[in-house]
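# Examining the three-dimensional arrangement
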2 protein chains.
Amino acid sequence: MGNPTQTSEKRTTMSNVAVIGLGIMGLPMAINLVKAGHTVTGFNRSQDKIDKLVSEGGKGATSIADAVKDADVVITMVPDSPDVEGVVSGEEGVFANAKKGTLWIDASSIRPDVAKRLSDEARDAGIRPLDAPVSGGEQGAIDAALSIMVGGDKEDFDAASDVLNAVGKTIVHVGPSGSGQTVKAANQLIVAVNIEVLGEAIAFLEAYGVDTDAALKVLGGGLAGSKVLDQKGQKMLDRNFDPGFRLALHHKDLGIVTSAAREANVAVPLGAVVAQLVAATVNQGDGALDHSGLFKQVLQLSGRK
Amino acid sequence: MGNPTQTSEKRTTMSNVAVIGLGIMGLPMAINLVKAGHTVTGFNRSQDKIDKLVSEGGKGATSIADAVKDADVVITMVPDSPDVEGVVSGEEGVFANAKKGTLWIDASSIRPDVAKRLSDEARDAGIRPLDAPVSGGEQGAIDAALSIMVGGDKEDFDAASDVLNAVGKTIVHVGPSGSGQTVKAANQLIVAVNIEVLGEAIAFLEAYGVDTDAALKVLGGGLAGSKVLDQKGQKMLDRNFDPGFRLALHHKDLGIVTSAAREANVAVPLGAVVAQLVAATVNQGDGALDHSGLFKQVLQLSGRK
């Protein structure tokens, strides 16, 4: 039946993958790439993370140029727009040292306009860019269960699928270069607002002496149900704000989304308010808390503990 | 093995149930009570809804007094606090005409302080009160899949379980009288904010020309995922705001939650903003739209269609 040289089974292509930035997200992603059978070379400013990757079966590089010189795919995972720019640009950067035709997957969460500009620069250098920010946090990275929102050319997205499948679960092409970052910005807007309103609701329920465990159960079963309620509700009840995803990074992301919304003439009234509340919480010294720590701000504004 | 007179199977007790208010929610709830085997007597201001219940196997009453005189359980399902008060108080009302010991389940969504006061009045009249507002909308009522948040005495909650199970799925006792309404208020706060921020996110994505179908898929797979995104995202993309749950009723509910929060000294900054945005949308003549129609306000504030 059918042509025996054709098969519906997809063969996984193993690649040489360079991972630049072995932090809380980049290291587990690199390890999952090793586990999937790819050849993974890591570079990081601090050596201990490189040593950790090597102990898991990866290779260590002495510089960005060293990491990317034989790579088919380069993944960058660094904190902010200037960090990405610093890693890819200049004589020591990815664009100057990677082979023509290399896929560059920027998994960092940065400004959509910067992502678009750097993608143009990549193409000028013969590099195929994808902006591919992730959602799902450290646990999602460890479990290879990240959601990945990808901007760039469709054929480059298809070419990256074996690498992306090694680190994520819900992997979606959302449009041209920059679109991945736009969707990530929208993601961070929704998440911050969901956290804040959950905090407002819990403070309200506590003030009225309601059984909050029972209340969260029934709220989660109805239209108020959300991933934020499932994952952050108990942390708020317990006043346990261990990260997780730090408020300082969410503060950065809300700067991105409010600025990008203004640029596009889109009104985000709740986004604007939550950006101020997150900023205040960070300003008061709580930037290292999990973003569910925004609940502390609600409690403070309500004169509660 | 074990005592044959004891069994772990629970026997369902059939009751005489009076349902006052056969509207968009009350009628399907009454019909589901009939289907579950209860004897159901309905009363409504307009006769056509009573006729509909009778055609489904229920009985019609000529007055509230007539409906409740033989009832074991009375369910009230009317729009607002004054409506509940009008139905239960006075010589013609539930309290004056129901038997001593009757369970009164108020499934309406009303002010927690009014629920508490009316519960006290019910007890004075020998009636056992439960405030049991529901979430899940018309479809949830039709499917007997409502979430029900119940305030009142635990033994009365237990006594009502066969009736509540006939109309709902997630049924939780959340505390003393008034607590059900407090949790419902929190529910409406979370839902309104989730709708508004989803609208802000979609307007933002559309402004940037992102593939919104793909974007909603990946957003729903991550921490931004919610029931509101699942149920209202497509309606926003399609500009289809057929109700569903009407904005005018959500406007009423946000009045309840902001007032109750102020009363309890709880700050609800996002609740306050969303209450204003819903009010504006209702003021502009869109109160009859589904609450996802709040998206129209975002579009208007952004100069978009």
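Remember, predicted model here, so these are calculated numbers, not experimental data.

## What to know about the environment of Lys296(B)
All names here are of chain B. Topologically, Lys-296 is positioned in helix α15 (residues 294–301). The spacing of Lys-296 and Asn-97 is 199 residues in sequence and 46 Å in space, taken between C-alpha atoms. When residues no more than four places from it in sequence are discounted, the contact partners of Lys-296 are Phe-241, Asp-286 and Leu-289. A distance of 3.1 Å separates a polar atom in the side chain of Lys-296 from a polar atom in the side chain of Asp-286.

## Things to note about the UniProt feature "domain: 3-hydroxyisobutyrate dehydrogenase-like NAD-binding" (unreviewed entry) in chain A
UniProt feature "domain: 3-hydroxyisobutyrate dehydrogenase-like NAD-binding" (unreviewed entry): in the numbering of this structure it lies at residues 178–296 of chain A. Taken end to end, residues 178–296 of chain A comprises 75% helix and 0% strand; its first and last C-alpha atoms sit 34 Å apart.

## Examining the domain arrangement of chain A
Residues and elements named next belong to chain A. Here chain A is partitioned into domain 1 (5–175) and domain 2 (183–302). Computed from C-alpha atoms alone, the centre-to-centre distance between domain 1 and domain 2 is 29 Å. With 11 residues of domain 1 at the contact, the number on the domain 2 side is seven residues. Here domain 1 and domain 2 share an interface that buries about 830 Å² over both sides, 65% of which is from carbon and sulfur atoms.

## Comments concerning the UniProt feature "domain: 6-phosphogluconate dehydrogenase NADP-binding" (unreviewed entry) in chain A
UniProt feature "domain: 6-phosphogluconate dehydrogenase NADP-binding" (unreviewed entry): in the numbering of this structure it lies at residues 16–175 of chain A. Secondary structure content for residues 16–175 of chain A is 41% helix and 26% strand, and the end C-alpha separation is 26 Å.

## Remarks on the packing of helix α10 (residues 179–207) of chain A against helix α10 (residues 179–207) of chain B
Across the interface, α10(A) lies against α10(B) with an axial gap of 9 Å and an inter-helix angle of 165°. Relative to α10(B), the element α10(A) lies roughly antiparallel. For the crossing formed where α10(A) meets α10(B), the hand is right-handed. For the contact of α10(A) with α10(B), the residue count by class is 22 nonpolar, four polar and two charged.

## Re unusual backbone geometry
All names here are of chain A. In this structure, Gly-244 follows Pro-243 across a cis peptide bond, with omega equal to -10°. With respect to the helices, strands and loops of the structure, Gly-244 is situated in the loop between α12 (227–238) and α13 (247–263). Its identity is not glycine, yet Ala-144 carries a phi of approximately 55°, on the positive side. Structurally, the position occupied by Ala-144 is in the loop between α7 (137–142) and β8 (146–152). Backbone geometry places Arg-239, a non-glycine residue, at a positive phi of 55°. You can see Arg-239 is positioned in the loop between α12 and α13. Owing to a relative accessible area of 29%, Arg-239 belongs among the partly exposed residues under this scheme.

## What to know about the interface of chain A and chain B
Tallying the contact residues gives 67 residues for chain A and 67 residues for chain B. For the pair chain A and chain B, the summed buried area comes to about 5,400 Å², and 74% of that belongs to carbon and sulfur atoms. Area buried by chain A at its contact with chain B is led by Phe204(A), Leu223(A) and Leu270(A), which between them contribute 15% of it. For the interface between chain A and chain B, the tally reads 18 residue pairs in polar contact (both at pLDDT 80 or more). At the level of secondary structure, the elements contributing two or more residues to the side of chain A that touches chain B comprise β8, β9 (168–175), α10, α11 (212–221), α12, α13, α14 (269–286) and α15 (294–301) of chain A. If you tally residues by element for the side of chain A that touches chain B, the top one is α10(A), at 20 residues.

## Quick notes on the relation of the copies chain A and chain B
Of the two same-sequence chains, chain A is brought onto chain B (RMSD 0.0 Å, axial shift 0.0 Å) by a rotation of 180°. Read as a symmetry element, the transformation amounts to a two-fold axis. For chain A, the minimum C-alpha distance to the rotation axis belongs to Ser226(A) and amounts to 1.9 Å. Same-surface contact between copies: 100% of interface residues of chain A are shared with the interface of chain B.

## Quick notes on the packing of α10(B) against α15(B)
Residues and elements named next belong to chain B. Between α10 and α15, the least distance of the axes is 9 Å, while the angle of their chain directions is 40°. Viewed along their axes, α10 and α15 adopt a mutual orientation that is oblique. Crossing of α10 against α15: the hand is right-handed. Judged by residue contacts, Ala-192, Ile-195, Glu-196, Gly-199, Glu-200, Ile-202, Ala-203 and Glu-206 of α10 engage Leu-294, Phe-295, Val-298 and Leu-299 from α15. Looking at the contact of α10 with α15 residue by residue, the class counts come to eight nonpolar, one polar and three charged.

## Focus: helix α4 (residues 81–88) of chain B
The periodicity of an α-helix, 3.6 residues per turn, causes residues three or four places apart in sequence to face the same way. Residue and element names in this part refer to chain B. Among the residues of α4, Ser-81, Val-84, Val-87 and Val-88 are the ones counted as buried. Buried residues along α4 cover an arc of 130° about the axis, so they all sit on one side. Residues of α4 that are exposed and point more than 90 degrees away from the buried face comprise Pro-82 and Gly-86. Those residues of α4 that are buried are in contact with β1 (16–20), α3 (64–68), β4 (73–76), α5 (94–97), β5 (103–106) and α6 (112–124). Once α4 ends, the next one or two residues include Gly-90, with phi positive near 80°.

## Some points on the pairing of strand β5 (residues 103–106) of chain A
Residues and elements named next belong to chain A. What you see with β5 is no split at all: Leu-103 and Ile-105 on one side and Trp-104 and Asp-106 on the other are buried throughout. Sheet topology note: the strand β4 (residues 73–76)/β5 ladder contains four bridges and is parallel. Directly across from Val-74, in β5, lies its bridge partner Trp-104. As paired elements, β5 and strand β6 (residues 128–131) share four bridges and run parallel to each other.

## Description of the environment of Gly37(B)
All names here are of chain B. Turning to its location among the elements, Gly-37 is positioned in the loop between α1 (26–35) and β2 (39–43). With relative accessibility at 41%, the residue Gly-37 sits in the partly exposed group. Spatially, the C-alpha atoms of Gly-37 and Gly-57 are 9.9 Å apart, while their sequence positions differ by 20 residues.

## Quick look at the nonpolar core
Val183(A) and Val183(B) are the most contacted members of the largest nonpolar core, which totals 101 residues. The contact partners of Val183(B), leaving out residues within four places of it in the chain, are Leu205(A), Val210(A), Ala215(A), Val218(A), Leu219(A), Met149(B) and Val174(B).

## A word on the confidence of the model for chain A
All names here are of chain A. Taken residue by residue, chain A gives an average pLDDT of 95. The fraction at 70 or more is 97%. In the predicted structure, residues 1–7 sits below a pLDDT of 50 and forms zero contacts with residues beyond four places in sequence or in another chain. Reported for the predicted complex are a pTM of 0.92 and an ipTM of 0.92.

So, how was this worked out
Starting afresh in each chain, residues are numbered from 1 along the sequence in its written order. Labels are handed out in written order, letters beginning with A for the chains and numbers beginning with 1 for the ligands. Where local features are concerned, this predicted model is filtered to residues with pLDDT of at least 70; where side-chain atom pairs are given and counted, the filter is 80 or more; whole-chain, interface and lining totals use all residues. To obtain the side-chain values, all non-hydrogen atoms of the structure were used and water was disregarded. Working definition: helices are DSSP H or I runs of at least four residues, strands are E runs of at least two. Numbering for both runs from the N terminus. By the convention used here, residues are in contact when the closest approach between their heavy atoms is within 4.5 Å. Between N or O atoms, a polar contact is any pair within 3.5 Å; within protein, one atom must be a potential hydrogen donor and the other a potential acceptor, and residues adjacent in sequence are included only when both atoms are from side chains. UniProt positions are given in the numbering used here, feature names are shortened, and annotations may be inferred rather than shown by experiment. For the domain bounds, the source is a domain assignment made automatically or taken from a database. Defined in terms of a 1.4 Å probe, buried area is the accessible area two parts forfeit on being brought together, summed over both. Helix axes use the C-alpha atoms of the stretch in contact, all axes being lines fitted to C-alpha atoms, and the angles between their N-to-C directions lie in the range 0 to 180 degrees. These descriptions rest on fixed angle ranges, namely under 35 degrees for roughly parallel, over 145 for roughly antiparallel, 65 to 115 for roughly perpendicular, and the rest for oblique. A crossing counts as left-handed when the near helix is turned anticlockwise from the far one by less than a right angle, and as right-handed when that turn is clockwise. Residues are grouped as follows: nonpolar covers Ala, Val, Leu, Ile, Met, Phe, Trp, Tyr, Cys and Pro; charged covers Asp, Glu, Lys and Arg; every other residue, Gly included, is treated as polar. Each residue is placed in one exposure class: buried if its accessible area under a 1.4 Å probe, protein chains only, is under 20% of its type's maximum, exposed if it is over 50%, and partly exposed if it falls in between. Here the copies were fitted onto each other by least squares, based on C-alpha atoms from residues at pLDDT of at least 70 in both. Directions drawn from the helix axis to the C-beta atoms are what define this arc. We treat two strands as partners when DSSP finds at least two bridges between them. In this description, a nonpolar core means a group of buried Ala, Val, Leu, Ile, Met, Phe, Trp, Tyr and Cys residues linked to one another through side-chain atoms lying within 4.5 Å. Every residue is assigned a pLDDT by the predictor, reflecting its confidence on a scale from 0 to 100.

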